[in-house]
Structure formats: structure tokens, C-alpha cells
Number of protein chains: 2
Amino acid sequence: MKQNYVAWGRVKNCMRELTAYGNARKAEIGADKVFDFSLGSPSAPVPETVWEAMRRALERPDVHEPTPPEGLPALRKAVAEDLNRRYGTGLSTEDILIVTGAAGGLAICCQTLLQPGDEAVVLAPYFTEYRVFIEGAGGTAVEVPPLPDMQPDLDALAAAVTEKTRFVLVNTPNNPSGAILPEESLRRIAEILRAAGERFGRPVYLVSDEPYRELVYDTERIPCVMNAFENTIPCYSFSKSLSLPGERIGYLALSPAAGDRDALLAGLSAAARALGYRSAPSLMQHALVDCVGMTADLSLYRENRDLLYSSLSAMGYDCVRPEGAFYLFVKSPIDDAKAFSDAAKKYELLLVPSDDFGITGWLRLAYCVPTDTIRRALPAFRALAEEYALR
Amino acid sequence: MKQNYVAWGRVKNCMRELTAYGNARKAEIGADKVFDFSLGSPSAPVPETVWEAMRRALERPDVHEPTPPEGLPALRKAVAEDLNRRYGTGLSTEDILIVTGAAGGLAICCQTLLQPGDEAVVLAPYFTEYRVFIEGAGGTAVEVPPLPDMQPDLDALAAAVTEKTRFVLVNTPNNPSGAILPEESLRRIAEILRAAGERFGRPVYLVSDEPYRELVYDTERIPCVMNAFENTIPCYSFSKSLSLPGERIGYLALSPAAGDRDALLAGLSAAARALGYRSAPSLMQHALVDCVGMTADLSLYRENRDLLYSSLSAMGYDCVRPEGAFYLFVKSPIDDAKAFSDAAKKYELLLVPSDDFGITGWLRLAYCVPTDTIRRALPAFRALAEEYALR
């Protein structure tokens, strides 16, 4: 038995523990008394168009038949065309692989790109599961700590890329910080990876986790990672943009100009087979053909962002202003964020300490909750601020 | 990049190649002129109850919310109760893990149980992908050739189990042979694995791939593998019994008496995380709660079995009489089954050579086709038999 798996299975995950605690607490004192900011599960309603597309898909007699492993050609085409329209990416149907959510796509990338002894560079703060995907594939996750504004330290990134590095993993907009990678950072990352690729005589890829791509508040869209660097593998999920987190569907894209593209495609498809992913669920694939490029009404998250960020800042909390996603990253007023998270429980506030995100001393607040929950939570945040004399 | 993956991705798979050839040929001369026995995709209609359950599930506002990683409690409970009712298994909700089809379940088992250097024993003939799941997890697949009647050679199995063996993989009813493992073979396998477990001081598991469990022709049900041996991990899929192969949903079960059960459960759940399986698709989970234990009308397959087996036997083909699943295993009249498959193409017959199933000299005919296709194919089979002077 793989002992690292057994060990992981036994480790308590802060986030899940907090959610479990929250559920128990809600049963005890009433759901409206607990302010649960622990879970990044979208609350914007699924668009009516998506419901209709699903009902329509259910009328197809062939809807449960297996699709090709790469996905339904019509869906791959719709994705390529949508990306081309929005980002001018020049992709074709063959450049898109439908996968079971961004997690499935990331795991397939990790298993393909990493041999034991290989390294992948992750930019802290990062989504907890990246380490599991990387180490599960036999690789080592090399963490690069962020600058104080939670943007990546690109000099440190350049230093972290070595002969062992197979890819760098970025996430924009970022979970847990809400930061977006600006155009100039992408250019610099591309320079670093191109130079490394030349030095090593093989591509160093950029795996780009983009489930929050459409959740952007201050600009129309995020700078396109794939356009900045030809060896990018974007991993997308429809979970957040269409509020379908239970359905496990997304895609990988691969530039026609990607290095070692044929080997990479062969490797990705074999990894998907070896991991037991035959294909993404057929019903969802059929339904999404007509929904690509659409989003749920995301204005809820902007309203929440504005309310939570401004209110908490005014109370003296040190917050990163979220540019995207639906997380507020707040500095813990004491070194031990876990202890601060425990203290917040007294006020029925559930905040995830940042330790699982590759950085200490911060807390993540998932604000994908009804706006009213935030409003009702403000007195609790104020009381907590007073206890810690934040101003 | 993992070079074994790249290599696998480049190998041509006989089955898929044949299907692709068939599709091209159908476009060329008309679908009714090609007799395609290449693909094990169910053709019995999805039961109306399942369609209704899906439409009902689509009315739940929470249907797309993430389920717990182990699956929806109501579905796990329904599965446990169904198994208990049919097989007297004594399982509880906690003993069932919902996974994305039998392939997902098998891959998760392989990744959990195998460290590099470990071995898994497979009984030929076996489903092509077993080798990919085992080697993808870093293990080695040790093949045990069958007896002439396609039943496992249990003395050879006993000899193949060594200190390196982590599990034996069985498949009943079998793809590609249609054979069912009788009660007394299960008892003998249990003795072998129990003795090995005592010798090595740790469990040697029995992974039991059971997607065809309900496709049984001569008895009411297959002998229950799990009841014969406490360290069995059954992997089930709803793909074949409910004709839902595109939807990727099934389950693993774990006996309360399984050895190292807690470590195994922790390992399986961590493997599912590391491979990027967050959970099975939520809509299908909700829909299946009310459909567990139900099957499509499988009488089509019995009719096809009877017609194809008796007709081909009468023409002089040497066939294994299928007891279950929807495959007929036919001995190649020449040593090179690939060459015979090519010769069959002249008569527009698409038959899969057995080389990919861990045995040479046989052909697999998937008879999950309209009965009329079989009827219309008989003259072609007769002409092929005459060419090879089968009688």
C-alpha cells in the first residue's frame, strides 16, 4: 500500500474540519447564527439556459453513450471558438481535451509531466490540492513565497527553476488571495521559462489553473496566460463560472506551438487512461455544447467583494483587495492563524487558516455566500477586531 | 515527461483501430453493410425509470452542488442495502464509496495498493486496460494463462502469488470470454490468498471487477466474490446494467472484515484526491438513488448469445459458451488472430483479435448489437468459415 496515501488520508484537512464543525454548529444553534466562510462553493444560481440545455440533452436517445476520450467534438469545437473569440488564441478542435474538472486536468498534467525526482514550482499562496497532485505523481512541489502584496516574487521564481523543474503552476485569479497575474508578470514568467527551456533543451511548461477566469471585478478579463507563453497548458473548469461544482467537467488546452506537443498529447491521453478517466460525463458534455462562454450572474460576488473588503478594512483588518475569484485573504493579527481561526469561532465566524495554502499567518474567507450572511456577520467581525485591538 | 505514458499514447489499440476502420467503412458502403462486433457498448435501452429519475433530479435546486468525496450518503446507503438484499453481504453505508465508473475504481485501487516493484496477478484473458492501470501505478502485471475452457488455472495462480503480490484481479462475468467464476473456484482463490496473507503477515487483496454482474444467462446471479473472501474489493459500474456507459458512475465496496481496513480506506480516499477525482458527478448520483438494483431489459443479450453461439458453433467455429457479459470468445482457426481478424474484414465482419486481452489465438465478438445485425451477419460468418474450411 502506498504509505504516503495512507498518511494523507489520515491527515485532518483544516478546511474540511472547519466545514464539519460548522455543520454541527448550525445543527446546534441554527444555520442563521453561524457565519460560514470556509467553503469555495459557488452560490450564484445556475443559469436557466444551462438547465434548459440539460433538459434538452436528456431528450437525446444517445446522451448516455460513451464519447471519444478527448471529448465530444462539438464541445471541443465550441470551447476552441469561444477562447479564440475572447482571447484571439487561434485554437482548433484538436487543441482541446475535455476533462473531469480542473482537478482532473491538473492531476493528468502532473502524472504526465512528472517522473520521480522531478520538481514542479508552485507560487504561494496556492490551492491545497496542488501539493497532493504533484506528490501523488511522484514529484516534489517547490514553493516560492509571495511578495507582501501576494503577487509572485519573480526573482525567487527564476531562482527556483532548475534542471529538475518540469513545470510551473500558476492560478489566476488566485485561490486563496484573489490576486490576478498582470500582463507584465506573465511576460516575465514566459522569459524565465523560455530561457530555462533553452538551457535544458526541453520545454519547461506553465500549467495554468483557471477555474476562476470569469470571476474578475476591476477589468473585463484576465490577461491570457496562454497568449503570453506558447508552452502553457490551461486547465479550466465550468464549476465556478456556471455554478456546477458537483458535475466535474472542464478542459485542457494545448497551443499548436507547444514544445514536444505530440509527445505531450500522447502522454496526456495515456495518463487519462492509466488514471481510469475514460472520458468526462456524456450528459454534461452534450448539455454544455450550447453553454460555452456563458456565465452565471456573477454580480453577487462583486457586491460581496465590495462589502466585505471595505467593511473589514474599515474595522482594521489587513486585507488583500481581491481582483478576482471569491476569496478575501486577511492577515492574522497574531502569528498563529490557526489560533486566530479558533478565536473567531467564539463569534461563530468560520475562517480557514492559511497554513494549508503554503503560507502561514493569513486567513481565507470564501465570500461566495448570500450577501445577507456577510451583512449579518459584520458585528461578529467587529467584536473579533475589538478583542484583538485592531485599531 | 513519463516516457511509458508517451509510448502508450502512441501505441495503436486494436479495438479502437477496428472501431475507427468500421466507422469509415460504414460511411463508405452504408452502416447496414458492416457487421461491427468491436465495441462493448450496451444497446439495451436505458430504463424509463432512470430517465424519469434524471428529470426528477434536474428539479432539485441543489443537484449540481458538490457531494461528499465518498458519495451521496443516500446513494451509498441504497447500494449497501441492495447488495445486502441480493447477496446477504452485511454492508453499511460507510462500506460503499461512489466512484466514476469501474475504471475509476480500479485505477484508484491500483494506485493505492501498488508501490513500484509490487505485483498484481491478472487472470488471462482480461480487459486490456488492467495492464495500463497496474503499470500506470508503478506495479507489474503478472499474467496467469487460463485453462482451455477459459476458466482460471488455480494451481498456476497459487504459484504466481509471491511476496511481491499485493492483489489478484478477477472479472466475473469475464470480458472477453463470458465465463463466470464458480463458487468452488472462489473458495479456492480465497484459500490461496488467505494462506499467502498469513505467510506475508499482511492481506493479499482480491480486486473484483464486476460491471457485468447482472448480465447472467444460465443462473439467477453470479456467485458473490465478496462473500467468498473478506479481503475483496468489488468495483462496480452502472454502465452495463443500466446502459449508461457515458456517465462514468459506479462504486467500490469494502467488507467491514477487510484486513487493514482503516489504512485501506484512508489510502483509497487519498488516491482519489491525488488522481483528481473529487467525487462522482452529482446529478447522476442523485438520479441513481432511486434506481439501484434495477437493470435495463437485458433479454436482448440472452437472445443474441443464444443465436450467435449456436449459429457459429454449427458453422464449425470453436466458441466458449458465454455464461454472462455480452462477448463471444472464438478460437482463431489460424495461429495469428490478427491475420484472421483482417481476413474477416473482407466479409465486413469486425472481430477483435485477443492479443490485447493477454492471450493469443482468439477473437472477441461483442454481441451487444441489435439482434438483426447478428442475423444479417450469419452469411458472412458462413462464407468466412468456408474459406477456412472449418468443417
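The model shown is predicted, which means the values in this text are computed figures rather than measured ones.

## Considering the overall build of chain A
In terms of helices and strands, chain A carries 14 helices and 13 strands. On C-alpha atoms alone, chain A measures out to a radius of gyration of 21 Å, which is about the 21 Å that the 2.2 N^0.38 rule sets for 391 residues. With the C-alpha coordinates aligned to their principal axes, the bounding extent of chain A is approximately 60 × 55 × 45 Å. Evaluated residue by residue, chain A yields a buried proportion of 54% over its 391 residues. Sequence separation of at least 24 residues holds for 73% of the intrachain contacts in chain A that already meet a minimum separation of 6.

## Section: the relation of the copies chain A and chain B
Once chain A has been moved 0.0 Å along the axis and rotated by 180 degrees, it coincides with chain B to within an RMSD of 0.0 Å. With respect to symmetry, the two chain copies, as superposed, fit the operation of a two-fold axis. Across chain A, the rotation axis passes nearest the C-alpha of A:L275, at a separation of 3.3 Å. Most of the interface of chain A is mirrored in chain B, where 100% of its interface residues are also at the interface.

## Considerations on the interface of chain A and chain B
Counting residues at the interface gives 53 residues for chain A and 54 residues for chain B. Mapped onto the side of chain A that touches chain B, the elements with two or more residues apiece are α1 (3-10), α3 (48-57), α5 (101-113), α6 (129-136), α10 (261-274) and α11 (282-288) of chain A. For the side of chain A that touches chain B, the element with the highest residue contribution is α10(A), accounting for nine residues. When its residues are assigned to classes, the side of chain A that touches chain B shows 28 nonpolar, 16 polar and nine charged.

## Comments concerning the sheet that holds strand β8 (residues 250-253) of chain A
All names here are of chain A. In spatial order, the strands read β2-β8-β7-β6-β5-β3-β4; together these seven strands make up an open sheet with mixed pairing. Only two strands of the sheet have a single partner each, and these edge strands are β2 (96-99) and β4 (140-144). The average undirected angle you get between the axes of adjacent strands in this sheet is 20 degrees. As judged from the four bridges shared by strand β6 (residues 205-209) and strand β7 (residues 232-237), these two strands associate in the parallel manner. Across the sheet, S208 pairs through a bridge with P234, a residue of β7. Helix-sheet contacts for helix α4 (residues 73-87) involve β2 and β8, and the interaxial angle to β2 is about 120 degrees.

## As for the domain arrangement of chain A
For interface size, the figure often reported is the accessible area lost on association. Residues and elements named next belong to chain A. Assigned domains of chain A: these are domain 1 (3-46 + 296-387) and domain 2 (48-288). Distance between the C-alpha centres of domain 1 and domain 2: 26 Å. At the interface, 29 residues of domain 1 touch 33 residues of domain 2. Secondary structure elements with two or more residues in the side of domain 1 that touches domain 2: α1, α12 (299-314) and β10 (327-331). The residue inventory of the side of domain 1 that touches domain 2, partitioned by class, reads 18 nonpolar, six polar and five charged.

## Details of the sheet that holds strand β10 (residues 327-331) of chain B
Residues and elements named next belong to chain B. Reading across the sheet, the four strands line up as β9-β10-β13-β12 and stay open at both edges, with antiparallel pairing between neighbours. What marks the edges here is a single partner per strand, and that holds for β9 (319-320) and β12 (352-353). Examined bridge by bridge, β9 and β10 share two bridges and lie antiparallel to one another. Counterpart to V320 in the pairing with β10 is F329.

## Digging into the pairing of strand β4 (residues 140-144) of chain B
As defined by bridge partners, strand β3 (residues 119-123) of chain B adjoins β4(B) across five bridges and the pair is classed as parallel. Bridged to B:L123 within β4(B) is B:V144.

## Section: the environment of B:Y236
Residue and element names in this part refer to chain B. Along the chain, the position of Y236 falls in strand β7 (residues 232-237). Take Y236: there are 26 C-beta atoms within 10 Å of it, and that puts it in the buried class. Along the chain, Y236 and A57 lie 179 residues apart, while their C-alpha atoms are 22 Å from each other. Setting aside residues up to four positions removed in sequence, Y236 forms contacts with A102, E210, P211, R213, G250 and Y251.

Reading the values: rules and limits
- In this convention, every chain numbers its residues from 1, walking through the sequence in written order.
- Ligands are numbered from 1 and chains lettered from A, in the order in which they are written.
- Totals for whole chains, interfaces and linings use every residue, but because this is a predicted model, local features are given only for residues with pLDDT of at least 70 and side-chain atom pairs only at 80 or more, for both listing and counting.
- Counting from the N terminus, the helices are the DSSP runs of H or I reaching at least four residues and the strands are the DSSP runs of E reaching at least two.
- Radius of gyration: over C-alpha atoms. The globule rule applied is 2.2 Å multiplied by the number of residues raised to the 0.38 power.
- Exposed residues have 12 or fewer other C-beta atoms within 10 Å of their own C-beta, buried residues have 20 or more, and partly exposed residues fall in between, where C-beta atoms are placed from the backbone.
- Contacts are defined on C-beta atoms placed from the backbone: any two residues whose C-beta positions lie within 7 Å are in contact.
- Here the copies are superposed with least squares, the fitted atoms being C-alpha atoms of residues at a pLDDT of at least 70 in both.
- As a working rule, the residues Ala, Val, Leu, Ile, Met, Phe, Trp, Tyr, Cys and Pro are called nonpolar, Asp, Glu, Lys and Arg charged, and the rest polar, with Gly in that last group.
- Whether two strands pair comes down to DSSP finding at least two bridges between them.
- An axis is simply a line fitted to the C-alpha atoms; with a helix, the fit covers only the stretch in contact. Between two such axes, the angle follows the N-to-C directions and lies from 0 to 180 degrees.
- Domain limits in this description derive from either an automatic procedure or a database domain assignment.

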